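Residues per chain, in single letters:
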Protein chains: 2
Amino acid sequence: MLADLALIGFGNVGRRFARLLDEQREQLQQKWDLTCRITGIATRRHGSSYNPDGIDAMAAATAVDAGGSLNGLDAVRSDARGQSNRHVIDQLARSPAPIRIVVETTTLDIAAGQPAIDHVRHALEATCDVVTANKGPAAFAYHELSSLARNQRRSFLFEGAVMDGVPIFNLVREAMPGVRILGFRGIVNSTTNHILTALEEGAAFGPALARMQEEGIAEADPSLDVDGWDAAAKTAALANVLLDARITPHDVEREGVGPGSATLAQIARKKGLRLRLVASAAAGAQPSVRLVELPADDPLAGLRGTSNALIFQTDMLGRVAVSQLDGGLTHTAYALLSDVIAIRRRLSSFV
Amino acid sequence: MLADLALIGFGNVGRRFARLLDEQREQLQQKWDLTCRITGIATRRHGSSYNPDGIDAMAAATAVDAGGSLNGLDAVRSDARGQSNRHVIDQLARSPAPIRIVVETTTLDIAAGQPAIDHVRHALEATCDVVTANKGPAAFAYHELSSLARNQRRSFLFEGAVMDGVPIFNLVREAMPGVRILGFRGIVNSTTNHILTALEEGAAFGPALARMQEEGIAEADPSLDVDGWDAAAKTAALANVLLDARITPHDVEREGVGPGSATLAQIARKKGLRLRLVASAAAGAQPSVRLVELPADDPLAGLRGTSNALIFQTDMLGRVAVSQLDGGLTHTAYALLSDVIAIRRRLSSFV
């Protein structure tokens, strides 16, 4: 079965996703009877393209890697250059392919989750499925967008929004049917956890942060991470989806990590405790991202470096924990791929 | 949609499952359009019953709780008393219900996985679906039984075989599509982990084991747990399913926990290490259950008491860990329920 894909955003994640699709081509075909064709790419600074017969996405990725523009890409037909995001989505909607997926990978806007929410809304209204690695849509507008998706009989999936490709939303929906999530607590931001681990070991804040930036884990502007906004957005998305909350990241009580955290981390260490930035929410409780001193035997206390983990409190299974012990770009790209496969599998119901 | 169920085995797990079905009746109906009716129960020491119109399973559970027999149960029709396991399965196979599920909860036989394997084989041959909490079938005969299930277009599911209802097999199959498992290591036996935790803290082996037996976590005959057989059976099941191995628990290099482990646990503790019974397997490596000294920051080292955890090494997601922090009878019963729901969801493909 043919799936036409339009990529809105073509940064590191979008380009890794395009390459992963290429690497997994045979397996997708054999295991899920799924052929993915990228017909549209829209970028903010490198132009845009749409070609109903398919774009050479490897060439496009190489061009953008080198700082070039898609507008000049030889393999792309000239009648389809320089499209806006909205226009690329509209063109995808006209594809005769049985599956049409908008793959949204723009960066998080913490003010209001835009323009990602508009992209998702427009794609669903145009009867395309949507997968996104952006936290914004689920953190700011989950109920509106999931209800729109239901009405349009399309999917709105965002596994990559929390813990990259390690299944969280898929886990609860597909693998724990009938289980009710009563609450959760976890460590969901890699940069701050790595910094706190380094501070405990005597490092200073500045160099610890700089190392995260060098390794490409923290952004050039790291404020979303260190101010706790990234964790707050993940907390809001988790609470909206799993606890049926109706909140935005601005409703999450929020604390961050800064130079002053070094003393706190060392004090905790001397008491045999570990200072961690813990995200939590539960029915009837204030969702929060807080610096907490954890006892050494807390399952979250042992998480070092860039590891992430979530502990779910459930009705029928007590506490269940899921941990991401490694991270990286491929993991986030896989999250998008797993959502694409989920869309294919749902469709087999209608064959 | 109506599902008729025959329970082969009606011990603690089987009875808790029957009650859980009753507790979840409305949710199953509303969320999955699924009505479960128990039409058969076969026990080893409390008689057996089959009633095509449904058995009053709550009354049956109460009767067996009190040491009584199903044969004398008023609510059960007299034409169907005293059936053998095989006969109960044959009767279920004649049910006109669109779903017919054999729910196997007999106890593990570590010599050859019998008679559970025969029950599963017979049920599949009779075109019933099978769910089981028994490790034997997947540990001794996974390839034969899963291939038989495929040929019969029926399901053979066993989520409860490892870590109770915490999704392991479902997680990999449903929530990590396309991910290849390269190996795993974990702590999968609650009794031995609890004993090792107690030994570290200075307890003696005998009292630590006795406490597990009092709490109903260890069996009256605890040898399957303490000799490492339970962990070896789980290792074989995981390797067969996730690594495409063709082994039995007898192919797993095996170590147990005994009075002599106390000294080892204390020695490890003095070195800042933790002694744990670790199950592991990987492509090309000898599957094993071994006492291992773990560094304190190993994600498995912090698992105390009856907690279980598995760390999967994967191709696209690095290391992913899943932990069961609480345990209990409801968790195992839920494993069976989640498999029943999985069968219902698969069927929606054919509506």
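Because the structure is predicted, anything quoted here is derived from the model rather than measured. (Residues numbered from 1 in each chain as written. Chains lettered and ligands numbered in written order. Predicted model: local features only at pLDDT ≥ 70, side-chain atom pairs only at ≥ 80, totals over all residues. Heavy atoms only, no water.)

(A) Representation of the interface of chain B and chain A. Listed by partner, the interface residues are 39 residues for chain B and 39 residues for chain A. When the two sides are added together, the surface that chain B and chain A hide from each other amounts to roughly 3400 Å², 58% of it contributed by carbon and sulfur. It is B:Met316, B:Leu325 and B:Tyr334 in chain B that bury the most area against chain A; as a group they hold 19% of the surface buried on that side. Our count for the contact surface shared by chain B and chain A stands at six salt bridges. Across the pair A:Arg304 and B:Asp297 runs a salt bridge whose closest N-O atoms are separated by 3.9 Å. Counting across the chain B and chain A interface gives 14 residue pairs in polar contact (both at pLDDT 80 or more). (Contact = heavy atoms within 4.5 Å. Buried area = accessible area lost by both parts, 1.4 Å probe. Salt bridge = Lys/Arg side-chain N within 4 Å of Asp/Glu carboxyl O. Polar contact = N/O pair within 3.5 Å; in protein donor to acceptor, adjacent residues only side chain to side chain.)

(B) Fine view of the nonpolar core. Among the nonpolar cores identified, the biggest contains 227 residues, and A:Phe17 and B:Phe17 are the most heavily contacted of them. Apart from residues lying up to four places away in sequence, A:Phe17 is in contact with A:Leu5, A:Leu7, A:Val103, A:Ala333, A:Leu336, A:Leu337 and A:Val340. (Core = buried A, V, L, I, M, F, W, Y, C linked by side-chain atoms within 4.5 Å. Buried < 20%, exposed > 50% of the residue type's maximum accessible area, 1.4 Å probe, protein only.)

(C) The arrangement of the sheet that holds strand S3 (residues 48-50) of chain A in detail. Residues and elements named next belong to chain A. Strand order in this open sheet of six strands is S3-S2-S1-S4-S5-S6, and the pairing throughout is mixed. Looking at the sheet topology across the chains shown, the edges are occupied by S3 and strand S6 (156-157). Looking at chain direction, strand S4 (residues 99-104) and strand S5 (residues 129-132) are connected through four bridges and run parallel. Bridging from a neighbouring strand, Val-102 pairs with Val-130 of S5. (Pairing = 2+ DSSP bridges. Helix = DSSP H or I, 4+ residues; strand = E, 2+ residues; numbered from the N terminus.)

(D) Geometry of the pattern of salt bridges. Counted according to the given criterion, the structure contains 46 salt bridges over all chains. The salt bridge involving A:Asp33 is made with A:Arg344; its shortest N-O contact spans 3.5 Å. With a gap of 311 residues between them, A:Asp33 in the loop between helix H2 (25-32) and strand S2 (35-42) and A:Arg344 in helix H13 (residues 329-347) connect regions that are remote in the sequence. Of the residues examined, A:Asp33 reaches a relative accessible area of 37% and is grouped as partly exposed. Note that B:Arg25 is salt-bridged to B:Asp22, the shortest N-O span being 3.3 Å. A residue is classified by how much of its surface remains accessible, and B:Asp22, at 34% relative accessible area, is partly exposed. Salt bridges linked by common partners bring A:Glu200, A:Arg269, A:Arg274 and A:Arg276 together as one network.

(E) The relation of the copies chain B and chain A, seen in detail. Least-squares fitting of chain B to chain A yields an RMSD of 0.0 Å, with the transformation described by 0.0 Å of translation along the axis and a rotation of 180 degrees. Overall, the copies show the geometry of a two-fold rotation axis. Of all interface residues in chain B, 100% are interface residues in chain A too; the two copies therefore contact each other through one and the same surface. (Least-squares fit on C-alpha atoms with pLDDT ≥ 70 in both.)

(F) Quick peek at the pairing of strand S11 (residues 308-314) of chain A. Residues and elements named next belong to chain A. Taking burial as the measure, the seven residues of S11 include six buried ones, the bulk of the element. Bridge analysis of strand S7 (residues 181-187) against S11 gives six bridges, and the strand direction is antiparallel. Counterpart to Ile-181 in the pairing with S11 is Thr-314. For S11 and strand S12 (residues 319-324), the ladder comprises six bridges, and the chain directions are antiparallel. In the strand pairing of S12, Phe-312 is matched with Val-320. Where S11 folds back onto S12 in an antiparallel hairpin, the turn is made up of four residues, including Gly-318, whose phi is positive at roughly 60 degrees.

(G) Representation of helix H9 (residues 205-214) of chain A within the structure. All names here are of chain A. Every buried residue of H9 is accounted for by Phe-205, Ala-208, Leu-209 and Met-212. One side of H9 holds all its buried residues, which, seen down the axis, span an arc of 95 degrees. Residues of H9 that are exposed and point more than 90 degrees away from the buried face comprise Pro-207 and Glu-214. Those residues of H9 hidden inside the fold are in contact with helix H8 (190-200) and helix H10 (223-226). Gly-216 occupies a position one or two residues after H9 and carries a positive phi of about 80 degrees. (Arc of directions from axis to C-beta.)

(H) Up close: the sheet that holds S11(A). As summarised here, the arrangement of the 12 strands in space is S8(A)-S10(A)-S9(A)-S7(A)-S11(A)-S12(A)-S12(B)-S11(B)-S7(B)-S9(B)-S10(B)-S8(B), forming an open sheet in which the pairing is mixed. The two strands at the open ends of the sheet, each matched to only one other strand, are strand S8 (253-254) of chain A together with strand S8 (253-254) of chain B.

(I) Here's a closer look at helix H1 (residues 12-23) of chain A. All names here are of chain A. Counted at 1.5 Å a residue, the expected span for H1 with its 12 residues is 16 Å, and the 16 Å between its end C-alpha atoms agrees. Turning to H1, its buried residues are Gly-14, Arg-15, Arg-16, Phe-17, Ala-18, Leu-20 and Leu-21. Packing partners of the buried residues in H1 comprise strand S1 (2-8), H2, S2, helix H3 (57-65), S4 and H13. (Expected span 1.5 Å × (residues − 1).)

(J) Structural detail: the pairing of strand S1 (residues 2-8) of chain B. All names here are of chain B. Across the seven residues of S1, six count as buried, placing the element largely inside the fold. As paired strands, S1 and strand S4 (residues 99-104) are joined by six bridges and run parallel to one another. If you follow Leu-7 over to S4, its bridge partner there is Val-103.

(K) Layout of the confidence of the model for chain A. All names here are of chain A. Counting all residues, the mean pLDDT for chain A is 92, and 96% of those residues have values of 70 or more. Below a pLDDT of 50 lies the segment residues 74-82, which in the model reaches 17 contacts outside its immediate sequence neighbourhood of four places, other chains included. Overall fold confidence (pTM) sits at 0.94, and the ipTM for the predicted complex is 0.93. (pLDDT = per-residue confidence, 0-100.)

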